[in-house]
Amino acid sequence: PSFDVVVVGSCMTDLVSYTERLPKPGETVRGKKFLTGFGGKGANQCIQAARLGAKTAMVCKLGNDSFGNDYVENFKTNGVSTDYLSQTEEARTGVAPIMVNDEGQNAIVIVAGANLLLNSNDLRKASKAIIHSKVVLGQLEIRPDIILEALRMAHKNGVKTVFNSAPAVADLDPEFYQVTDVFCCNESEATILTDIEVTSVEDAEMANSILLDKGCKSVITTLGAGGCVLTTQENRTPIHVPTRKVKALDTTGAGDSFVGALAFYIAQYPHLQLDEITRRASHIASMSVEAHGTQGSYVSRNNLPEDLF
Ligand code: RIB
Ligand code: NA
């Protein structure tokens, strides 16, 4: 099988509570609404790419429990290949308790569980899919050495690599930059990786330049409602891509929608300029903040204007 996008990454069951404001330590606040959803940055990105029409596969590890079983069904419903997925008795399916306030801001705890048991042997079983795909996509919710191994395998075989350095880590192995075509981070991740406090477009431009010097081909730093900044090795002039003005209901997973959409376009529109790809991905991600939930808020191709394709 030849896939557009293979994601090597995490699955979490999101347990989301909506409250007026986030509680302080020791405080109890009343919630207004609760939902469970399918989350995890890896799976979120994979599902967004699949909803846009990418042929996708997920290389991941779930627990052999009800959350894990439900997750397998979720992938099948969304047309994601589960051939490289496995369930383990050794740990529970990852969970993410999330709180969202009235401003649409969130606080998330991830308990990665089974995600941390994805190993080299699993990659070996998926190696054909990885090296014959158009794009391999990774994040940091599984073991860093495993995602690095997957990106290295892809890169060596001429497969485009997209790496989302989320959630943030200070001691990122420098090899990540060498094996990444499109390096994608948000403002807090850019801050940790570059020691530049990133809060504005100008800060992001500086951070991108530092990240490019580490060896990746292009860097995108996202700034939430401030859009994002793209810089490439070919053209070191940064491009600021503003985002649509929307009323934010729930920003959880908007970054994943963006990265998943990027991977879709890179795979299916290899000749489209990266700045145009970034504009389209940003449009798609902005739609996800207008609805509750993570994957539950991701749009499909048939609900999008034709000029995005
Ligand atoms: O990026 C959003 C995701 O982060 C959530 O779905 C949650 O599972 C955490 O992994
Ligand atoms: Na949302």
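These numbers come from a predicted model, not from an experiment.

Criteria and thresholds
Residues numbered from 1 in each chain as written. Chains lettered and ligands numbered in written order. Predicted model: local features only at pLDDT ≥ 70, side-chain atom pairs only at ≥ 80, totals over all residues. Heavy atoms only, no water. Near = heavy atom within 4 Å. Polar contact = N/O pair within 3.5 Å; in protein donor to acceptor, adjacent residues only side chain to side chain. 1 Å grid on protein atoms, 1.4 Å probe; cavity = no way out; pocket = protein on both sides within 12 Å on 5 of 7 lines; lining within 4 Å. Sits in = over half its atoms within 2 Å of the grid points. Helix = DSSP H or I, 4+ residues; strand = E, 2+ residues; numbered from the N terminus. Salt bridge = Lys/Arg side-chain N within 4 Å of Asp/Glu carboxyl O. Buried < 20%, exposed > 50% of the residue type's maximum accessible area, 1.4 Å probe, protein only. Axes fitted to C-alpha atoms, helices over the stretch in contact; angles between N-to-C directions. Parallel < 35°, antiparallel > 145°, perpendicular 65-115°, else oblique. Left-handed = near helix turned anticlockwise from the far one by under 90°. Contact = heavy atoms within 4.5 Å. Nonpolar A, V, L, I, M, F, W, Y, C, P; charged D, E, K, R; others polar. Pairing = 2+ DSSP bridges. Right-handed = clockwise from strand over helix to strand, strands pointing away.

All right, on to the site of ligand 1 then. Taken together, the neighbourhood of ligand 1 is formed by Met12, Asp14, Gly39, Gly40, Lys41, Asn44, Ala96, Ile110, Glu141, Gly253, Asp256 and Thr294. Interatomic distance of 2.9 Å between a backbone N/O atom of Gly40 and an oxygen atom of ligand 1. In the environment of ligand 1, an oxygen atom lies 2.8 Å from a nitrogen or oxygen atom belonging to the side chain of Lys41. Taking a 2 Å distance to the grid points as the criterion, the majority of the atoms of ligand 1 fall inside the largest pocket. Broken down by secondary-structure element, the contributors of at least two residues to the shell around ligand 1 are strand E2 (12–19) and helix H1 (41–51).

Turning our attention to the pattern of salt bridges. Taken as a whole and judged by the stated rule, the model has 13 salt bridges. For Lys134, the salt bridge identified is with Asp4, shortest N-O distance 3.1 Å. Here Lys134 is found in the loop between helix H3 (120–131) and strand E8 (135–138), whereas its partner Asp4 is found in the segment before strand E1 (5–8), with 130 residues between them in sequence. For Asp4, a relative accessible area of 7% gives the class buried. One salt bridge connects Asp65 with Arg92, and the closest N-O pair in it is separated by 3.4 Å.

Turning our eyes to something else, we now look at the packing of helix H6 (residues 187–194) against helix H7 (residues 201–213). Direction vectors running N to C along H6 and H7 enclose 55°, while the axes themselves pass 10 Å from each other. By the angle class used here, H6 and H7 are oblique. Between H6 and H7 the crossing geometry is left-handed. Contacts between H6 and H7 pair Ala190, Leu193 and Thr194 from the former with Ala207, Ile210 and Leu211 from the latter. Partitioning the contact of H6 with H7 into residue classes produces 5 nonpolar, 1 polar and no charged.

So, about the pairing of E8. Where burial is concerned, the two faces of E8 agree: the one with Val135 and Leu137 and the one with Val136 and Gly138 are both buried. By the bridge criterion, 4 bridges tie E1 to E8 in an arrangement that is parallel. Within E8, the residue paired with Val6 across the bridge is Val136. When E8 meets strand E9 (residues 160–164), the two strands line up parallel, connected through 4 bridges. Opposite Gly138, over in E9, you have Phe163 as the bridge partner. Chirality of the crossover, the property in question, places the unit of E8, helix H4 (residues 144–156) and E9 among those that are right-handed.

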